[in-house]
Amino acid sequence: MLLLEIDNEMPVEEKELKIRQSFDRARKDIAVIQAKIECKKEEIAVLEAEMAAASASASKGGTTSYNIPPSSGNVVMSDHPDEMEYGFGGLPTRSKN
């Protein structure tokens, strides 16, 4: 901006255009940041609701499911060992063919 004030060879219209473009870019940047903030607020609200639901079901004596989200985004189900189906003696059984 200082260079625009010092430069006497540039026409005023061109200076105004450069200033206007700078402010437009700044407005766009602000809008993007505000949208990201709103998105994060929504994500936090969803997580808080999920946590509240999980704590409510745990306090009612419900079974807790241990869902582990891996880095790929798929959900891997790994229930508590007491809830898994095992054969005789608590050990997995093999079928004899």
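Scroll up to find the structure.
Here is a short report on the structure shown in this document. Note that the structure is a prediction, hence the values are computed from the model and not measured.

Cut-offs and rules
- Residues numbered from 1 in each chain as written.
- Predicted model: local features only at pLDDT ≥ 70, side-chain atom pairs only at ≥ 80, totals over all residues.
- Heavy atoms only, no water.
- Helix = DSSP H or I, 4+ residues; strand = E, 2+ residues; numbered from the N terminus.
- Areas by Shrake-Rupley, 256 points an atom, 1.4 Å probe, with all protein chains shown as cover.
- Salt bridge = Lys/Arg side-chain N within 4 Å of Asp/Glu carboxyl O.
- Buried < 20%, exposed > 50% of the residue type's maximum accessible area, 1.4 Å probe, protein only.
- Contact = heavy atoms within 4.5 Å.

1. Section: the overall build of the protein
Regarding its fold elements, the protein presents 2 helices and 2 strands. Each helix and strand of the protein, ordered N terminal to C terminal, gives the series α-α-β-β. Accessible surface, the protein: about 9,100 Å² in total, of which carbon and sulfur atoms supply 59%.

2. A word on the pattern of salt bridges
Note on pairing: side chains with opposite charge can pair once their charged atoms come close. Summed over the entire model, instances satisfying the criterion amount to 3 salt bridges. With its nearest N and O atoms 2.7 Å apart, the salt bridge here joins R27 to D24. Of this pair, R27 and D24 are both found in helix 2 (residues 12-59), 3 residues apart, which corresponds to roughly one turn of the helix. A relative accessible area of 35% places D24 in the partly exposed class. For E43, the salt bridge goes to K40, with nearest N and O atoms at 3.4 Å. With E43 and K40 both in helix 2 and 3 residues apart, the pair spans about one turn of that helix.

3. Digging into the side chain of K15
Of note, K15 is situated in helix 2. For K15, a relative accessible area of 16% puts it in the buried group. The residues contacting K15, other than those within four sequence positions of it, are L4, E5, D7 and M10.

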